[in-house]
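Residue-level structural notes
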Amino acid sequence: MVNDALEIVAANAAAENLLRAGRSTLKRYPLSHWFLDADLLQQELELASKSSATYAGIIRLREESSREVQYVDVRIAPYGGGQQQFLIEFTDVTSRRRINRDHTLLSQHDAGR
């Protein structure tokens, strides 16, 4: 859960696992720190705050210990608290994207025969 400034106010164990950091570390940085597409994340948050609708998209996770980019499906929904807060759900879609890419490459290779 984040506030309108993208500050993490609550995180569950799945978020800790995905971002590879404990709750206290997560709360020290804005959510944008953890993603390469921070500007896209900010835009989606602004859209969600203006329309009170749920927004979804795929963004890239910042991965400093690996050269491989990790893709995460993000869903942002306004959360009815006292101040403007948002519930953000993450789903790692890196494997699914890799499988789709490999399938496309194989199909193109087979078509070229």
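Quick caveat, the model's predicted, so the values are computed rather than measured.

Right, let's talk about the pairing of strand β3 (residues 70-79) for a bit. Along a regular strand, successive side chains alternate from one face of the sheet to the other. Pairing of strand β2 (residues 55-61) with β3 involves 7 bridges; the strand directions are antiparallel. If you follow glycine 57 over to β3, its bridge partner there is valine 74.

On to the pattern of salt bridges. A complete count under the given rule lists 3 salt bridges for this structure. Salt-bridge contacts for arginine 75 lead to aspartate 73; the nearest nitrogen and oxygen are separated by 3.6 Å. Residue aspartate 73 is classed as buried on the basis of its relative accessible area of 12%.

As a further point, take unusual backbone geometry. Within the chain, leucine 6 stands out as a residue other than glycine whose phi angle is a positive 65°. Tracing the backbone through its elements, the reader meets leucine 6 in the loop between β1 (2-3) and α1 (13-19). Leucine 6 sits in the buried class, given a relative accessible area of 2%. Despite not being glycine, arginine 20 shows a phi value in the positive range, around 55°. Along the polypeptide, arginine 20 turns up in the loop between α1 and α2 (23-28).

Val2, Leu31, Phe35 and Ile76 are the most contacted members of the largest nonpolar core, which has 20 residues in total. When neighbours within four sequence positions are excluded, isoleucine 76 is seen to be in contact with Leu41, Glu44, Leu45, Ala48, Ala53, Thr54, Tyr55, Phe86, Leu87 and Ile88.

Moving on, we get to the confidence of the model for the protein chain. On average, residues of the protein chain score 81 in pLDDT, and 92% of them are at 70 or above. Mean pLDDT in the protein chain bottoms out at helix α4 (residues 94-111), which sits at 74, and peaks at α2, which reaches 91.

Across its 14 residues, helix α3 (residues 38-51) extends 20 Å between first and last C-alpha, which sits within 8% of the 20 Å expected from 1.5 Å per residue. Those residues of α3 lying buried are Leu41, Glu44, Leu45 and Ala48. For α3, the angular spread of the buried residues around the axis is 100°, confining them to a single face. Exposed residues on α3 whose side chains face more than 90 degrees from its buried face are Asp39 and Lys50. Residues of α3 that are buried in the fold lie against β1, β2, β3 and β4 (85-92).

Moving on, we come to the sheet that holds β1. With antiparallel pairing, 4 strands are arranged side by side in an open sheet as β1-β4-β3-β2. At either margin of the open sheet sits one strand with a lone partner, and together these are β1 and β2. Relative to β2, α3 is tilted by about 160°, and along the sheet it contacts β1, β2, β3 and β4.

Here we come to the layout of surface pockets. Roughly 320 Å³ of volume is contained in the largest pocket. Along the wall of the largest pocket there are 18 residues; nearest its centre are Asn12, Ala15, Ile88, Glu89 and Phe90. Mapped onto the lining of the largest pocket, the elements with two or more residues apiece are α1 and β4. Considering every element that reaches the lining of the largest pocket, the biggest residue donor is β4, with 6 residues. Tallied by class, the residues present in the lining of the largest pocket amount to 14 nonpolar, 2 polar and 2 charged.

Criteria and cut-off values
Residues numbered from 1 in each chain as written. Predicted model: local features only at pLDDT ≥ 70, side-chain atom pairs only at ≥ 80, totals over all residues. Heavy atoms only, no water. Pairing = 2+ DSSP bridges. Helix = DSSP H or I, 4+ residues; strand = E, 2+ residues; numbered from the N terminus. Salt bridge = Lys/Arg side-chain N within 4 Å of Asp/Glu carboxyl O. Buried < 20%, exposed > 50% of the residue type's maximum accessible area, 1.4 Å probe, protein only. Core = buried A, V, L, I, M, F, W, Y, C linked by side-chain atoms within 4.5 Å. Contact = heavy atoms within 4.5 Å. pLDDT = per-residue confidence, 0-100. Expected span 1.5 Å × (residues − 1). Arc of directions from axis to C-beta. Axes fitted to C-alpha atoms, helices over the stretch in contact; angles between N-to-C directions. 1 Å grid on protein atoms, 1.4 Å probe; cavity = no way out; pocket = protein on both sides within 12 Å on 5 of 7 lines; lining within 4 Å. Points joined across faces, edges and corners; volume = space filled by probe spheres on them. Nonpolar A, V, L, I, M, F, W, Y, C, P; charged D, E, K, R; others polar.

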